[in-house]
Amino acid sequence: MDSKPFAEPTSGAPKKPPAPVKIVIAGGFGVGKTTAVASISEIPPLRTEAVMTSAAAEIDRTGHVPAKTTTTVAMDFGCITIDDEVKLYLFGTPGQDRFGFMWHDLVVGALGALVIVDTRRLDDCYPAVDYFEKAGVPFVVAVNKFDGMLNHDLNDVRWALAVSDEVPLVTFDAREKLSVRDALLAVLRNTFSRAQARAAAP
């Protein structure tokens, strides 16, 4: 990271453990939340996936993700040490509307959020963006490049989702560790800049 938000340890002092930072990874059904957590986590990720039934497949509209046979019913969890000062604890939300009540508990204590969107199904992305706008949690919108492709210009995505210019909009590949890392660093930068702006406000 470009700045040092935490104080350096004094000479001879015991080395402090990295500061824990809770980040929520959110988005609609099948956008890549579980994949992102698994790609970056330094521990075996905790998953709460269940096999999808035919009835659930109809409810969750699996047309654009026909290979998806499981779904997260509680949360995904993983962690990654960014450097000596920061360790991220990642909480992935369930994507289905019927599990939306769990979002409130998962967001408690989070310093920021990565909202993943699939441009093939923008209609499914509005609820997550709207949720974090209302919750007041700093967030970054990350367009997952399925098959390594970007189907729409980012300006068009911003307009379609009605995302304000203050919200960072990035692209990433949920399958690639370094790509997920860069997206999470964007969340940290956004969170710290927002905190600095509030501190400087009269």
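Description of the structure in this document. Please read these numbers as outputs of a predicted model, since none were measured by experiment.

A short note on the sheet that holds strand β7 (residues 139-144)
Reasoning step 1: If you walk across this open sheet you meet the six strands as β4-β5-β1-β6-β7-β8, and the pairing is mixed. Looking along the sheet, the strands with just one partner apiece sit at the ends: β4 (76-81) and β8 (169-172). Along the sheet, successive strands turn relative to each other by an average axial angle of 25°, direction set aside.

Regarding the environment of Gly92
Reasoning step 1: Mapped onto the elements of the fold, Gly92 is located in strand β5 (residues 86-92).
Reasoning step 2: Each C-alpha atom, one on Gly92 and one on Val24, is 5.8 Å from the other, the two residues being 68 residues apart in sequence.

With respect to unusual backbone geometry
Reasoning step 1: The phi torsion at Ala162 lies on the positive side, around 55°, for a residue other than glycine.
Reasoning step 2: Residue placement: Ala162 occurs in the loop between α5 (154-161) and β8.
Reasoning step 3: Looking at Ala162, the relative accessible area reads 58%, which means it is exposed.

A word on the side chain of Thr93
Reasoning step 1: Of note, Thr93 is situated in the loop between β5 and α3 (103-107).
Reasoning step 2: Residue class for Thr93 comes out buried when judged on its relative accessible area of 0%.
Reasoning step 3: Every residue in contact with Thr93, bar those within four places of it in the chain, is listed here: Val24, Ile25, Ala26, Gly27, Lys33, Trp103 and Leu106.

Here we look at the packing of helix α1 (residues 33-40) against helix α6 (residues 177-200)
Reasoning step 1: Orientation of α1 relative to α6, taken along the N-to-C sense of each, is 105°, at an axis distance of 8 Å. By the angle between their axes, α1 is roughly perpendicular relative to α6. Two secondary-structure elements touch here, α1 through Ala36, Ser39 and Ile40 and α6 through Lys177, Val180, Arg181 and Leu184.
Reasoning step 2: Along the lines of polarity and charge, the residues of the contact of α1 with α6 split into four nonpolar, one polar and two charged.

Re the nonpolar core
Across soluble globular proteins, nonpolar side chains show a tendency to be buried alongside one another.
Reasoning step 1: With 25 residues, the main nonpolar core has Leu88, Leu90, Leu114, Phe172 and Leu184 as its most contacted residues.
Reasoning step 2: Contributing elements (two or more residues each) for this core: β1 (19-27), α1, β5, β6 (112-117), β7 and α6.
Reasoning step 3: It is α6 that provides the largest number of residues to this core, a total of eight residues.
Reasoning step 4: If near-sequence neighbours (up to four positions away) are discounted, Leu114 is found in contact with Ile23, Val24, Ile25, Ala26, Val140, Ala142, Ala183, Leu184 and Val187.
Reasoning step 5: Counting 23 residues, the second-largest nonpolar core is a separate cluster that includes Val24, Tyr131, Phe139 and Val157.

Details of the pairing of β5
Reasoning step 1: β5 sits mainly inside the fold: six of its seven residues count as buried.
Reasoning step 2: With seven bridges connecting them, β1 and β5 associate as parallel partners. Note that in β5 the partner of Val24 across the bridge is Phe91.
Reasoning step 3: Between the end of β4 and the start of β5, which pair antiparallel, lie four residues.

Side note on the pattern of salt bridges
Reasoning step 1: For the structure on display, the rule yields eight salt bridges.
Reasoning step 2: Here Glu42 and Lys87 are joined by a salt bridge, their closest N and O atoms 3.7 Å apart. Within this pair, whereas Glu42 is found in the loop between α1 and β2 (49-51), its partner Lys87 is found in strand β5, the two being separated by 45 residues in sequence.
Reasoning step 3: Note that Arg121 and Asp124 form a salt bridge whose closest N and O atoms lie 3.5 Å from each other. In terms of burial, Arg121 and Asp124 fall into one category: buried.
Reasoning step 4: Taken together, the shared-partner salt bridges connect Asp118, Arg120, Arg121 and Asp124 into one network.

Criteria and thresholds
Residues numbered from 1 in each chain as written. Predicted model: local features only at pLDDT ≥ 70, side-chain atom pairs only at ≥ 80, totals over all residues. Heavy atoms only, no water. Pairing = 2+ DSSP bridges. Helix = DSSP H or I, 4+ residues; strand = E, 2+ residues; numbered from the N terminus. Axes fitted to C-alpha atoms, helices over the stretch in contact; angles between N-to-C directions. Buried < 20%, exposed > 50% of the residue type's maximum accessible area, 1.4 Å probe, protein only. Contact = heavy atoms within 4.5 Å. Parallel < 35°, antiparallel > 145°, perpendicular 65-115°, else oblique. Nonpolar A, V, L, I, M, F, W, Y, C, P; charged D, E, K, R; others polar. Core = buried A, V, L, I, M, F, W, Y, C linked by side-chain atoms within 4.5 Å. Salt bridge = Lys/Arg side-chain N within 4 Å of Asp/Glu carboxyl O.

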